[in-house]
Amino acid sequence: MLDKVRIKEQEVDSFKISNQEDLEKFRLAYISTKGEIASLFSEFRNVPVEEKKAFGIELNKLKSKAESKFKGAATALSEEATSSADTTIDLSLPSIPHQLGSRHPLSIVKNRIVDIFSRIGFGLSEGPEIEDDWHNFTALNFPPDHPAREMQDTFFIDQDSQKALRTHTSSVQIRILENIQPPVRTLAIGRVYRNEAISARAHCIFHQVEGFYVDKKVSFKDLKQTLLYFAQQFFGPKTKIRLRPSYFPFTEPSAELDIYWGLKTEADYKITKGTGWLEIGGAGMIDPNVMKNCNIDPDEYAGFAFGMGIERMAMLKYGIKDLRLFTENDVRFLRQFTSLDLA
Ligand code: DAH
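Residues numbered from 1 in each chain as written. Predicted model: local features only at pLDDT ≥ 70, side-chain atom pairs only at ≥ 80, totals over all residues. Heavy atoms only, no water.

Asker: Could you give an account of the pattern of salt bridges, with specific residues and numbers?
Answerer: Considering all chains together, one arrives at 20 salt bridges under this definition. Across the pair Lys 8 and Glu 11 runs a salt bridge, and its minimum N-O distance is 3.1 Å. Highlighted residues: Lys 8 and Glu 11, both in helix α1 (residues 2-14), separated by three residues, approximately one helical turn. Glu 11 gets classed as partly exposed once you look at its relative accessible area, which sits at 30%. Among the salt bridges present, the one from Asp 258 reaches Arg 242, with a minimum N-O distance of 2.9 Å. In this pair, Asp 258 sits in strand β8 (residues 251-260) while Arg 242 sits in strand β7 (residues 241-248), placing the two residues 16 residues apart along the sequence. Residue class for Asp 258 comes out buried when judged on its relative accessible area of 2%. Of the residues examined, Arg 242 reaches a relative accessible area of 30% and is grouped as partly exposed. A single network of salt bridges, built from pairs that share partners, joins Arg 242, Arg 244, Asp 258 and Glu 279. (Salt bridge = Lys/Arg side-chain N within 4 Å of Asp/Glu carboxyl O. Helix = DSSP H or I, 4+ residues; strand = E, 2+ residues; numbered from the N terminus. Buried < 20%, exposed > 50% of the residue type's maximum accessible area, 1.4 Å probe, protein only.)

Structure, rendered in C-alpha cells:
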C-alpha cells in the first residue's frame, strides 16, 4: 500500500504545469475530492493495522505536496498573466488629461465683489433664507399693505406664522444691526426668491449682494464714492456712474445706480434703451425708522445701504443673454468660465 503512495508522489513531482490547462488537469487529478489522492484516503480502511501509521503519514505528506505545488503553479501563472498584460501598455503615449472643474460664473462674480469691497473694509455677513415678516418687511419699513407682501410676489412657507423665502438680502441688514453695535461695514450675499414666471429675463431664484455701512458720520458722499470705487474696479477704471432719485421703503433718500455703458454697438442701444446708461442696483441712506427698529439711535448714527443683482452683474460682464443658463448647469455653458477669472 505504501508503494501506491510513493508512486503517486513521483507522479506529482514529475507533473509539468506550464499553462492554465495543465493546472486544471493537475487539480482534477490530485486536488479535487474525486481525485487520486482523495481515493487513496478512502482506501485507508483497507490498510493493515501495522501499516496504518506509516501510510497515514506518507499520504498526508503527499497531499500537502500536491497542494503546495498547485498553489505555487497557480500564483506563478497569474503573475505571468498580469506582467504580460503590462507590457502591452505603451508608456510613450501621452496621458489622458484630468478635466479640471470650473467655477460657476456667479461664484466668480461673487468672489470678485467680495474682494473689491474687502479692500475698503467691508466684511461678509449671512442671514437665513427662510425669513420672518419682521426681518424681510416690517423692520425694513414696508407698510402693511405693500404689494411685496402679497402671495403673488412672495413665496410664503406658512401664512399663519408669516414665514417666507426672503425676497431680498436687505433682511440681513436687520439681522446684523439688531445684534451688532455700529460701526458696521459689511456685505451680505446670497440667494433670494420671488414668485416670478421663469424666462430669459426673470427667475424665481436669483442672487443679490447687499452692502451697508453704519457709523457716526456716514453721508451720501460716502455712498457715492463707495459705489464709484466699486463700479470702476468691477467694470473698468473709466466707468462713470450716476444716481437717479428713486424710492425704497428702507432708505431715505433713495437712488437707482446706473453705470455708463456707452452706445458703440447696436446691442448697446438695445440694452440701454438708447440712453447709454444701464441700471445696476439700488442704494440710499438707511431710513431712520429702520435704525430705530434695530435699536440704533438715528440722531447719533447714520448709514448707507445698496443692493445689486449678482446675475445681472455676471450677464453684463460676460455678455450672457439668458438668466436660465445660470441654473440649468449645462456643462457646455459652465466650462467656458474656466479661464475667464475676472482680474
Ligand atoms: N432690496 C432691494 C431689492 O431687492 C435692493 C436694494 C435697494 C437694497 C436699495 C438696498 C437699497 O440696500 O439701499 O430690490
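Asker: So what's going on with the packing of aromatic side chains? Which residues, and what values?
Answerer: By convention here, two paired aromatic rings are described through the distance between centres and the angle between planes. Overall, the coordinates contain 20 aromatic pairs when judged by the stated rule. With a centroid separation of 5.1 Å and 50° between ring planes, the pair formed by Phe 26 and Tyr 30 is classed as tilted. Remark: Tyr 30 and Phe 26 occur in helix α2 (residues 20-31); sequence separation between them is four residues, near one turn of the helix. The pair formed by Phe 26 and Tyr 30 is uniform in burial state, with each residue classed as buried. Seen from their ring centres, Phe 326 and Phe 333 are 6.1 Å apart, and the 80° between their planes marks the pair as edge-to-face. (Phe/Tyr/Trp six-rings, centres within 6.5 Å; stacked < 30°, edge-to-face > 60°.)

Asker: Break down the site of the ligand for me, citing the residues and quoting the values.
Answerer: Taken together, 15 residues are adjacent to the ligand, and His 168, Ser 170, Arg 194, Gln 208 and Glu 210 come closest. Between the ligand and Arg 194 there is a distance of 2.8 Å, counted from an oxygen atom to a side-chain nitrogen or oxygen. Here Ala 305 contributes a backbone N or O atom positioned 3.1 Å from an oxygen atom of the ligand. Notes on the ligand: free accessible area 350 Å², of which the protein chains cover 89%. Of all the secondary-structure elements, those providing two or more residues to the shell around the ligand are β6 (205-215), β9 (277-286) and β10 (302-309). (Near = heavy atom within 4 Å. Polar contact = N/O pair within 3.5 Å; in protein donor to acceptor, adjacent residues only side chain to side chain. Areas by Shrake-Rupley, 256 points an atom, 1.4 Å probe, with all protein chains shown as cover.)

Asker: Please set out the sheet that holds strand β5 (residues 184-193) residue by residue, giving values where relevant.
Answerer: Spatial ordering of the open sheet is given by β1-β5-β6-β10-β9-β8-β7, a layout of seven strands whose pairing is mixed. Two strands in the sheet have a free side with no partner beyond their single neighbour: β1 (123-125) and β7. Sheet twist, expressed as the average angle between the axes of neighbouring strands with direction ignored, equals 25°. In the packing of helix α7 (residues 171-179) onto the sheet, contacts are made with β1, β5, β6, β9 and β10, and the angle to β6 comes to roughly 35°. (Pairing = 2+ DSSP bridges. Axes fitted to C-alpha atoms, helices over the stretch in contact; angles between N-to-C directions. Contact = heavy atoms within 4.5 Å.)

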